[in-house]
Amino acid sequence: QVQLVESGGGLVQPGGSLRLSCAASGFTFSSYVMNWYRQAPGKERELVATITSAGGWTNYGDSVKGRFTISRDNAKNTGYLQMNSLKPEDTAVYYCNARDARNGWTYWGRGIQVTVSS
């Protein structure tokens, strides 16, 4: 059974940090590009960060550049999103996504809430 399970979300004060994890099972995680998306209430889902299957290339949305870091540990079938200097506008449900670049097969996690508020 294919699963992507996010963890590490919660409530944090502005300026704080959180690290999200995405645990993969049921497929060959190391062959998939991994992405983190987020969706705030009333807004469209937004691509936050991307990392290639081997971790050699990363890319970030303009709103998180310099604050967020995407990484992965293929030996543990887990991806991460380190979020620093959090702002209230980072409040959203965060989703991890794995996509096979060869054929487009895509898997999604259920999402996890991140709330930045004092």
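Above this text you will find the structure in question.
Residues numbered from 1 in each chain as written. Predicted model: local features only at pLDDT ≥ 70, side-chain atom pairs only at ≥ 80, totals over all residues. Heavy atoms only, no water.

1. Description of the overall build of the protein chain
Moving on, step 1. Secondary structure summary: the protein chain contains 0 helices and 11 strands in total.
Moving on, step 2. What you see for the protein chain is a C-alpha radius of gyration of 14 Å, in line with the 13 Å of a compact globule of 118 residues.
Moving on, step 3. When the backbone C-alpha atoms are referred to their principal axes, the protein chain occupies close to 40 × 25 × 25 Å.
Moving on, step 4. Buried residues in the protein chain amount to 41% of all 118 residues.
Moving on, step 5. Pairs at least 24 apart in sequence give 53% of the contacts found in the protein chain among residues at least 6 apart.
Moving on, step 6. Counting every atom, the protein chain has about 6,300 Å² of accessible surface; 46% of that belongs to carbon and sulfur.
Moving on, step 7. Computed over 12 positive and 8 negative side-chain charges, the separation of the two mean positions in the protein chain equals 4 Å. (Helix = DSSP H or I, 4+ residues; strand = E, 2+ residues; numbered from the N terminus. Rg over C-alpha atoms; globule rule 2.2 N^0.38 Å. Buried < 20%, exposed > 50% of the residue type's maximum accessible area, 1.4 Å probe, protein only. Contact = heavy atoms within 4.5 Å. Areas by Shrake-Rupley, 256 points an atom, 1.4 Å probe, with all protein chains shown as cover. Lys, Arg positive; Asp, Glu negative; His and termini not counted. Charge placed at Lys NZ, Arg CZ, Asp CG, Glu CD.)

2. Looking at the sheet that holds strand β8 (residues 78–83)
Moving on, step 1. Taken together, the 4 strands give an open sheet; going across it, the order is β1-β3-β8-β7, and neighbouring strands pair in antiparallel fashion. If you trace the sheet from one side to the other, it starts and ends with β1 (3–7) and β7 (68–73), each paired once. Looking at each pair of strands side by side, their axes are set apart by 15° on average, direction ignored. (Pairing = 2+ DSSP bridges. Axes fitted to C-alpha atoms, helices over the stretch in contact; angles between N-to-C directions.)

3. Describing the state of the cysteines
Moving on, step 1. A full pass over the atoms with the stated rule returns 1 disulfide.
Moving on, step 2. For cysteine 22, the disulfide goes to cysteine 96, at an S-S distance of 2.1 Å. Handedness here is read from the sign of the S-S torsion; for cysteine 22 and cysteine 96, about 60°, the answer is right-handed. Linking cysteine 22 in strand β3 (residues 18–25) with cysteine 96 in strand β9 (residues 92–99), this pair joins segments that are 74 residues apart in sequence. Assigned by exposure class, cysteine 22 and cysteine 96 land together as buried. (Disulfide = S-S within 2.5 Å.)

4. Notes on the side chain of asparagine 35
Moving on, step 1. Mapped onto the fold, asparagine 35 is located in strand β4 (residues 33–39).
Moving on, step 2. The contact partners of asparagine 35, leaving out residues within four places of it in the chain, are Leu47, Ala49, Thr50, Tyr95, Cys96 and Asn97.

5. Section: the pairing of β1
Moving on, step 1. Going residue by residue along β1, you find Leu4 and Glu6 tucked away on one face and Gln3, Val5 and Ser7 left uncovered on the opposite face.
Moving on, step 2. As defined by bridge partners, β1 adjoins β3 across 5 bridges and the pair is classed as antiparallel. Paired with valine 5 across the bridge in β3 is alanine 23.

6. Section: the nonpolar core
Moving on, step 1. Counting residues in each nonpolar core, the largest one holds 29 residues, and the members touching the most others are Trp36, Leu81, Met83 and Tyr94.
Moving on, step 2. Where this core is concerned, the elements lending two or more residues are β3, β4, β5 (46–51), β7, β8, β9 and β11 (112–116).
Moving on, step 3. Excluding residues within four positions of it along the chain, leucine 81 makes contact with Leu18, Arg19, Leu20, Trp36, Val48, Ala49, Phe68, Thr69, Ile70 and Tyr94. (Core = buried A, V, L, I, M, F, W, Y, C linked by side-chain atoms within 4.5 Å.)

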